Number of protein chains: 4
Amino acid sequence: LAKAGDIFAVKRIVSWGDCDPAGIIYTPRAFDFATEALEAFWRDVIGVNWMDLNWVRHMGAPTVRAECDFIKALKPDMAIEIEVRVLKLGSASLTFGLTCRDVAGDAYFKATYVACTIARPDFKATPIPPDMRARIEAYRAVCGDN
Amino acid sequence: LAKAGDIFAVKRIVSWGDCDPAGIIYTPRAFDFATEALEAFWRDVIGVNWMDLNWVRHMGAPTVRAECDFIKALKPDMAIEIEVRVLKLGSASLTFGLTCRDVAGDAYFKATYVACTIARPDFKATPIPPDMRARIEAYRAVCGDN
Amino acid sequence: LAKAGDIFAVKRIVSWGDCDPAGIIYTPRAFDFATEALEAFWRDVIGVNWMDLNWVRHMGAPTVRAECDFIKALKPDMAIEIEVRVLKLGSASLTFGLTCRDVAGDAYFKATYVACTIARPDFKATPIPPDMRARIEAYRAVCGDN
Amino acid sequence: LAKAGDIFAVKRIVSWGDCDPAGIIYTPRAFDFATEALEAFWRDVIGVNWMDLNWVRHMGAPTVRAECDFIKALKPDMAIEIEVRVLKLGSASLTFGLTCRDVAGDAYFKATYVACTIARPDFKATPIPPDMRARIEAYRAVCGDN
């Protein structure tokens, strides 16, 4: 199945300002879309927004690698969804898959982000706390490996 | 004289990504250009960059009002300069004039920003410190009222 | 009344990337929010999206003036709405009022945009077409002068 | 040798607005930096800016894949350079390596972009024109394989 209803996804409309003089999405904006979807996933699924992660938990989850394949060119006014999947869950690292689709389900870009969890103030790697890990594992159980 | 050599100005080239599908600058990007020129003015003329202003001086200089008249439309690849003038200097407020020109001196947009100086952590208005004020006054003496 | 249900408004959540190292919204992002709300107003209320305005109608509606008063500082994760009002309707110009509020109705910034309608390819002022004018007038009748 | 003088590089200063509430670069901004360096490379080294590529040559060079490893976190006010290398030159594709360094030569991020050349209006792959290919090959001869 191309897209399960259980997959967390963020809806948005491609804006005029996301696009360049060729009339299609400006390359870096795909990473803005993907990063904002990831931020929403932390807030809504992992249950810790990035402000609290940084200033209450004294942690961070910097992206150490991001990559994106551009499949079709997004254009202004398109209604899209960016789906978020957890591809790998390490002791102090997380790999996310982010797929942008239109309403027909066609894929426009597919990105992969690798983040590591660090502790402030020394920014050394620190294990993902049990409450966050439990929520991520519960999400993976629901959405499967697809 | 259209442009004195004494006016602090930041050079940049309008990028493809600053422009929209109509092939001209996307409106909000003018404020990006103006704000980055202002940031450089703080760093190079007032002598305190915004990181130090916030975390060493425990202050801030939030923009309380910004306005911009769009005169001509910027296009990709244009070499431009954003000039920074201090229009007013209050006890705890600063009014800046920011003019974007091409290499021929033609104006493309003119912005005005009003900032106030505040003290952390309560964000109440606080006077501009004497060392900063002295540098701003010296700049105004050099560049005149134009 | 602080906010009528009849006012067109765009909802969004302030993102981590909209904010700067001081932890509050980076000044130019307010203009991104306002411009995107205006784009949605054209699409949903005036009934002509900016792609069609430019490439089907052979027109444009460039912003000739934008201004913003910053009242309170937006922070990451805040749920906000940007309301769009038509303050003035000229023969070839439009003045919009854009107010950003949180869910309690408190105002965070208030922007005013002036746009003029132009015809391609010579970019000379051209009257707002009757169908668009009728929709704008209908909207003004509903939302009043507030 | 960390950095040959022959490598094309774009200088910039990391701005306050490029950084997020954690005080370090917001992930997508690295792709803005890389894409703008690539744009300058087209303009200055390949000799065809993106406006001319699209509207005079009736071509395009969309990014089909972009990836980035984040090595160290950039902070506001840092002076950096983004170096551009051509890693592969196909008949209708180009692979670029983009390395961001501070003034001491330390690497902060390394990105790879794959672009393909297409012809308008049907967007089908088209060979890199001889004049552009000659300039790219000349650049590769100067900067070597490093």
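Attention in this report is confined to the structure presented alongside it.

Concerning the relation of the copies chain D and chain B
- With an RMSD of 0.0 Å, the fit of chain D onto chain B corresponds to turning through 180° and sliding 0.0 Å along the axis. When the rotation and shift are considered jointly, the pair of chain copies conforms to a two-fold rotation axis. Minimal C-alpha distance to the rotation axis in chain D is attained by Arg12(D), lying at 4.9 Å.

Some details on the sheet that holds strand S2 (residues 59-60) of chain A
- Across the sheet, 3 strands lie side by side as S2-S7-S8 (chain A); this open sheet has antiparallel pairing. What marks the edges here is a single partner per strand, and that holds for S2 and strand S8 (124-125) of chain A.

Let's talk about the interface of chain D and chain A
- Contacts between the two partners involve 23 residues from chain D and, on the opposite side, 23 residues from chain A.
- Seen at the junction of chain D and chain A, the total is 6 salt bridges.
- Linking chain D to chain A there are 10 residue pairs in polar contact (both at pLDDT 80 or more).
- Those elements that provide at least two residues to the side of chain D that touches chain A are helix H1 (27-46), helix H2 (50-55) and strand S3 (63-70) of chain D.
- When residues in the side of chain D that touches chain A are grouped by element, the largest group, 8 residues, is from S3(D).
- Classifying every residue of the side of chain D that touches chain A by side-chain character gives 12 nonpolar, 4 polar and 7 charged.

Topic: the nonpolar core
- Trp42(A), Leu74(A), Phe96(A), Leu98(A), Leu74(D), Phe96(D) and Phe109(D) are the most contacted members of the largest nonpolar core, which totals 98 residues.
- Setting aside chain neighbours within four positions, we find Leu98(A) in contact with Ala34(A), Ala37(A), Leu38(A), Ile82(A), Glu83(A), Val84(A), Phe109(A), Lys110(A), Ala111(A) and Tyr113(A).
- Grouped together as the second largest cluster of nonpolar side chains are 97 residues, Cys100(B), Ile7(C), Ala61(C) and Leu74(C) included.

Topic: the pairing of strand S3 (residues 63-70) of chain B
- For S3(B), the tally of buried residues reaches 6 of 8 residues, placing the bulk of the element in the interior.
- Where S3(B) and strand S3 (residues 63-70) of chain C come together, 5 bridges link them in antiparallel fashion. Counted as the bridge partner of Ala66(B) is Cys68(C) from S3(C).

Focus: the relation of the copies chain D and chain A
- For the pair chain D and chain A, the best superposition has an RMSD of 0.0 Å and corresponds to a rotation of 180° with a translation of 0.0 Å parallel to the axis.
- Here 100% of the interface residues in chain D have copies in chain A that are interface residues too; the copies meet face to matching face.

As for the sheet that holds strand S5 (residues 93-102) of chain D
- Pairing is antiparallel in the open sheet, where 10 strands are placed in the order S1(A)-S4(A)-S5(A)-S6(A)-S3(A)-S3(D)-S6(D)-S5(D)-S4(D)-S1(D). The sheet is open, and its two borders are formed by strand S1 (8-13) of chain A together with strand S1 (8-13) of chain D, each paired with just one other strand. The sheet shows a mean angle of 20° between the axes of neighbouring strands, direction not considered.
- Lying on the sheet, helix H1 (residues 27-46) of chain A is in contact with S1, strand S3 (63-70), strand S4 (79-89), strand S5 (93-102) and strand S6 (107-116) of chain A together with S3 and strand S6 (107-116) of chain D; it crosses S1(A) at an angle near 135°.

A look at H1(A)
- The terminal C-alpha atoms of H1(A) lie 28 Å apart, and with 20 residues this matches the ideal 28 Å at 1.5 Å per residue to within 8%.
- Immediately downstream of H1(A), the backbone of Gly47(A) shows phi near 85°, a positive value.

A few points about the packing of aromatic side chains
All names here are of chain A.
- Scanning the model with the defined rule gives 24 aromatic pairs over all chains in all.
- Taken together, a centroid distance of 5.0 Å and an interplanar angle of 75° make the contact between phenylalanine 41 and tyrosine 139 edge-to-face. Taken as a pair, phenylalanine 41 in helix H1 and tyrosine 139 in helix H3 (residues 130-143) lie far apart in primary sequence, 98 residues in all. Across this residue pair, the class does not change: phenylalanine 41 and tyrosine 139 are buried.
- A centroid spacing of 6.5 Å and a plane angle of 50° characterise the contact between phenylalanine 70 and phenylalanine 109, whose relative ring orientation is tilted.

A few points about the environment of Trp42(D)
Residue and element names in this part refer to chain D.
- Structurally, the position occupied by tryptophan 42 is in helix H1.
- In the structure, tryptophan 42 is positioned 76 residues away from isoleucine 118 in sequence and 15 Å away in space, judged by C-alpha atoms.
- Once residues within four sequence positions are removed from consideration, tryptophan 42 is found in contact with Gly47, Val48, Asn49, Trp50, Leu53, Ala61, Leu94, Phe96 and Met132.

Some details on the interface of chain D and chain B
- Contacts between the two partners involve 13 residues from chain D and, on the opposite side, 13 residues from chain B.
- Of the roughly 1,300 Å² buried between chain D and chain B on both sides combined, carbon and sulfur atoms contribute 57%.
- Summed over the three residues of chain D that lose the most area to chain B, namely Trp16(D), Met51(D) and Asp77(D), the buried surface amounts to 45% of that side.
- With a shortest N-O distance of 3.1 Å, Asp77(B) and Arg43(D) are connected by a salt bridge.
- Counting every contact that joins chain D to chain B gives 6 residue pairs in polar contact (both at pLDDT 80 or more).
- Mapped by element, the contributors of at least two residues to the side of chain D that touches chain B are H1 and H2 of chain D.
- For the side of chain D that touches chain B, the per-class residue count stands at 6 nonpolar, 3 polar and 4 charged.

What counts, and at which threshold
Residues numbered from 1 in each chain as written. Chains lettered and ligands numbered in written order. Predicted model: local features only at pLDDT ≥ 70, side-chain atom pairs only at ≥ 80, totals over all residues. Heavy atoms only, no water. Least-squares fit on C-alpha atoms with pLDDT ≥ 70 in both. Pairing = 2+ DSSP bridges. Helix = DSSP H or I, 4+ residues; strand = E, 2+ residues; numbered from the N terminus. Contact = heavy atoms within 4.5 Å. Salt bridge = Lys/Arg side-chain N within 4 Å of Asp/Glu carboxyl O. Polar contact = N/O pair within 3.5 Å; in protein donor to acceptor, adjacent residues only side chain to side chain. Nonpolar A, V, L, I, M, F, W, Y, C, P; charged D, E, K, R; others polar. Core = buried A, V, L, I, M, F, W, Y, C linked by side-chain atoms within 4.5 Å. Buried < 20%, exposed > 50% of the residue type's maximum accessible area, 1.4 Å probe, protein only. Axes fitted to C-alpha atoms, helices over the stretch in contact; angles between N-to-C directions. Expected span 1.5 Å × (residues − 1). Phe/Tyr/Trp six-rings, centres within 6.5 Å; stacked < 30°, edge-to-face > 60°. Buried area = accessible area lost by both parts, 1.4 Å probe.

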